[in-house]
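These are the residues of each chain, in order.
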Amino acid sequence: MKTPLVTREGFLRLQAELDQLWRVERPETTRKVAWAASLGDRSENADYQYNKKRLREIDRRVRYLRKCLDKLRVVDYSPEQEGKVFFGAWVEVENDEGERRRFRIVGYDEIFGRKDYISVDSPMARALLGREVDDEILVQTPSGPARWYVNSIHYGNDPALT
């Protein structure tokens, strides 16, 4: 089960997606369906078939977003978090082989389309929560436990961009 948490930026992104789908894409797709239906035989009308399918996809996503946004709890940054890994943190970790990874711990609904975000429910995030710089963590993986060290913790915008 996913933890119903989201960053402020993630919540605003999901709201913007809902608004775009409901106010722009759905009315446009509905007009296309009506236009295609007016042409006659719907069984062989590719425009009609495609846009009806797209309308169902939009409606499904709108239902999901409305339900999701009602249940999500926005977690904002607090100065007490500084120095420790909590929800919304950018973390850089390194293993014994010198491999480094940098990512942000966010809610499940924020990870899609971002390779540098991990869910708060992931094994790595669970192992990191509450840790400090130079702490050693063990992450359970399918191939056994993996040892990582916390190199840096940052809150706010992506530290790679600053």
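Note that the structure is a prediction, hence the values are computed from the model and not measured.

Parameters at a glance
- Residues numbered from 1 in each chain as written.
- Predicted model: local features only at pLDDT ≥ 70, side-chain atom pairs only at ≥ 80, totals over all residues.
- Heavy atoms only, no water.
- Helix = DSSP H or I, 4+ residues; strand = E, 2+ residues; numbered from the N terminus.
- Rg over C-alpha atoms; globule rule 2.2 N^0.38 Å.
- Pairing = 2+ DSSP bridges.
- Axes fitted to C-alpha atoms, helices over the stretch in contact; angles between N-to-C directions.
- Buried < 20%, exposed > 50% of the residue type's maximum accessible area, 1.4 Å probe, protein only.
- pLDDT = per-residue confidence, 0-100.
- Parallel < 35°, antiparallel > 145°, perpendicular 65-115°, else oblique.
- Left-handed = near helix turned anticlockwise from the far one by under 90°.
- Nonpolar A, V, L, I, M, F, W, Y, C, P; charged D, E, K, R; others polar.

Our next topic: the overall build of the chain. Counting secondary structure elements, the chain contains 3 helices and 7 strands. Reading the secondary structure of the chain in the N-to-C direction produces β-α-α-β-β-β-β-α-β-β. Expected size for 162 residues packed as a compact globule is a radius of gyration near 15 Å; at 21 Å, the chain overshoots this value by more than 25%. For the C-alpha atoms alone, the extent of the chain along its principal axes is close to 70 × 35 × 30 Å.

What follows is about the sheet that holds strand β4 (residues 100–106). The 5 strands lie next to each other as β5-β4-β3-β7-β6, forming an open sheet whose pairing is mixed. Here the strands that pair on one side only, and so sit at the sheet edges, are β5 (117–119) and β6 (136–141). Within the sheet, the average angular offset between the axes of one strand and its neighbour, ignoring direction, is 45°. The pairing of β6 with strand β7 (residues 144–154) spans 6 bridges and is classified as antiparallel. In the strand pairing of β7, Thr 141 is matched with Gly 144.

Within a regular strand, the side chains alternate between the two sheet faces. Of all 6 residues in strand β3 (residues 90–95), 6 are buried; the element is thus mostly enclosed. Residue alternation in β3 divides its side chains into two sets, Trp 90, Glu 92 and Glu 94 and Val 91, Val 93 and Asn 95, and both sets are buried. Where β3 and β4 come together, 5 bridges link them in antiparallel fashion. Each bridged residue has a counterpart across the sheet, and for Glu 92 the counterpart in β4 is Arg 102. The antiparallel pairing of β3 with β4 creates a hairpin that spans 4 residues between the two strands, and Gly 98 there sits at a positive phi of about 85°.

This paragraph deals with the confidence of the model for the chain. Put simply, the chain has an average pLDDT of 92, and 96% of its residues get 70 or more. By mean pLDDT, β6 is the weakest element of the chain at 92, and β4 is the strongest at 96.

Once that is clear, we can look at the packing of helix α1 (residues 8–37) against helix α2 (residues 46–71). The N-to-C vectors of α1 and α2 enclose an angle of 155°; their axes lie 9 Å apart at closest approach. Accordingly, the angle class assigned to the pair α1 and α2 is roughly antiparallel. Judged by the sense of rotation from one axis to the other, the crossing of α1 with α2 is left-handed. Among the residues making up the contact of α1 with α2, the classes are represented as 15 nonpolar, 4 polar and 10 charged.

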